[in-house]
Structure formats: structure tokens, C-alpha cells
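Fold and geometry: a report
This is what each chain is made of:
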Amino acid sequence: MKISVLGAGAWGTALAVQAAARHEVVLWARDPAAVAAMCAQRRNAHYLPDTQLPDALQIEGDLQRAVAHATEADALGLIIVATPMAALRAVLAGLPDGARVLWLCKGFEAGTGLLGHEIARDVQPRLRVGILSGPSFAQEVAAGQPTALVAASDDAALAQAAVEAFHSERLRVYTANDPVGVEVGGAVKNVMAIAVGIADGLRLRAERLGQSGDAPGLNARAALITRGLAEMLRLGLALGARAETFMGLSGMGDLVLTATGDLSRNRRVGLLLAEGLPLAQILHELGHVAEGVYSAPTVLARAQAKGVDMPITAAVVAVLEGRLSPAAAVDLLMSRQARSEN
């Protein structure tokens, strides 16, 4: 198969590395200096410095040539969009009719509040589209550590193409026909990871200062993850998803990983907010995109438009906007009126 990966961040590079052993893969990067460095060093020094790029992996700086690799002379080529959510619309708009496309980005588009499949329908309805998602840190995928993903699309043949492209002994790819649910799970879990990071950060700070007292503990972490899953489910159902999707890889699986894993950028944002660092400084030091920061206000707006109650999301937005301190946000959530769990 001819595969073009558009975006040479950590996740796009990791998938390109894994696929290059069995397919003709082109990895596109928009920065000419990064292209030159990857070609010369056979490493993506900024995102995956410990990963050797296979000799067979082609590095390309021209977007049109990268797209042509997967769309010209091979109707069964596959395009993987590995850009941040903010760039998805522009990339999809430039693809030819009928192209088979899967995106990796997770979130709602700022301004419009649209999910990926809604953006595709808006700008290029003749594309064959889907999402590749699930609990996955790029570093582990690049290193060949066991990982499971889900390819979701209304186009069953496209989901199966993702299996043919990436399924291997160390990377399992399942298929699903609920792209709405998979996209909602991928977007909301980033917001919940910030919330869990805040709670864990308050606990770690209190322990360090010898002031554990009533700081959030592991009980609070479990509660946030569980109630975060409930918020994710409520929004998903309101947008047309199926409940069972949120018990799978892109729901519970991705939420647990992102909320508890040390490699999670969104969790890291929460940890640093709990330390009292300003958001601008956190994002500067992070050096990578933490999608939950940008998705949180849009998730909340989409939920409010549907009449969906998402108190954890609302608390995260208030902290990100500086209207609540991390400790006050936890107190606010704990003081809510008792209600039925379901």
C-alpha cells in the first residue's frame, strides 16, 4: 500500500516508522529545516530523538508530492492526517475527490465546535474519511511496544484499510462504525486528563510540603476518571454516538491512559497548573500541543448547546481561564448537590 503521513510530529512519525517496514510510506513535514535534518540524521530530533527512521521511509517537504504519492496511480492509497486539530480543515480542503483519509487529531475545532467528520462533510464531502484513535503514546508505538488502536468510519472498507496498513504483531487495529463516538471520546478525554492532573498535582504538592491534610488523593483520581467517563458518554449520546463505544479503546481506554500516564501532555498541564504556574508558561515549556487546552472551551460550548451537564469540563475551563484556582475547582466539584449516579 502507498501511505502518505501528513504531519511529522511524534504521532505521525511513529505510525510512519511502523508502516514503513511493509508499505511505501512518505512522511511530510512543513518545516524545510526539519525535512533536511530528518533526511540527514534519519531521526526526528525534536519529537522522537531516540527513534531511528527506517531507510525505506521517504521524507518529503512538498505537500502536493506527498498527497500525490497516495492518490495518483494507486486508487487504494491511504492518507493519514497527523496535524493538530487546528490544521485539519485546511489539509482536508486540499485533498482530491475520493481520497481515502484517516486523521489522528483529537478534539473539536475552535470557533465552529465541529468534530473531524463534520469538518470533512463541510469542506470536502466526496472524501472517504475516518479516524484512527485509541490509547497510545507515540514513543511506545515508535519503539514497537504493544498498543491497540481503533479505526472508525462509516466506510467499512476504509476501516479495514487501516487494519491492512498498520496491524502487526505489536500494533493491533480494531475497526468500528461509530466515528462520532470515537471522536467524542478522543476529544473529551484530553479535558479530563487536565482535571486528573490538577487533582494529582495538588496531592503531590501537599505531600512535598508536608501538608497532605484534605488534599485530593487516589480516591479523588478514581472519582474524576469515572465521572469524566459519564460526562463523555452524555455528550456522545447527545451528538448521536452509541453508548458501547465509550466502554472501548477510544473511550475508557484512552481516558485511563491520558489521565494517568506520565507521558500525557494534557495530564502534565494539570500537574503544572496545580503548582501555580501560569498557563502561558506551561504551554511554552511543554513545547508540544496539548489539545485539551484548546478543546475544553469548545467541548463545554457544544455541551451547553445540547443541554448536557458537564461540571468537570466547566471546572477545567474556569481554571484555564483563570476564574478559579485549582484547589477551588476541586472544592466546587465536591460541593455539588448529591444526585443519582445514573
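Residues numbered from 1 in each chain as written. Predicted model: local features only at pLDDT ≥ 70, side-chain atom pairs only at ≥ 80, totals over all residues. Heavy atoms only, no water.

**So, the UniProt feature "binding site: sn-glycerol 3-phosphate" (unreviewed entry) in the chain**
The UniProt record annotates "binding site: sn-glycerol 3-phosphate" (unreviewed entry) at K106, G134, S136, K189, D254, S264, R265 and N266. On the secondary structure map, D254 appears in helix α10 (residues 249–260). Mapped onto the secondary structure, R265 falls in helix α11 (residues 265–274). For R265, a relative accessible area of 35% corresponds to the partly exposed category. Excluding anything up to four places from it in sequence, R265 contacts L286, H288, V289 and A290. (UniProt positions renumbered as here; feature names shortened; annotations may be inferred. Helix = DSSP H or I, 4+ residues; strand = E, 2+ residues; numbered from the N terminus. Buried < 20%, exposed > 50% of the residue type's maximum accessible area, 1.4 Å probe, protein only. Contact = heavy atoms within 4.5 Å.)

**Comments concerning the sheet that holds strand β5 (residues 58–60)**
Whenever strands of a sheet pair, they do so through backbone hydrogen bonds, lying parallel or antiparallel. With mixed pairing, the 8 strands of this open sheet are ordered in space as β5-β2-β1-β6-β7-β8-β9-β10. The open sheet has two edge strands, β5 and β10 (171–176), and neither has a second partner. Strand-to-strand twist in this sheet, taken as the mean axis angle between neighbours without regard to direction, amounts to 25°. Relative to strand β2 (residues 24–28), strand β1 (residues 2–6) is paired through 5 bridges, and the arrangement is parallel. Along β2, the bridge assignment pairs S4 with V26. Sitting on the sheet, helix α3 (residues 63–71) is in contact with β1, β2, β5 and β6 (78–81), with an inclination near 150° to β1. (Pairing = 2+ DSSP bridges. Axes fitted to C-alpha atoms, helices over the stretch in contact; angles between N-to-C directions.)

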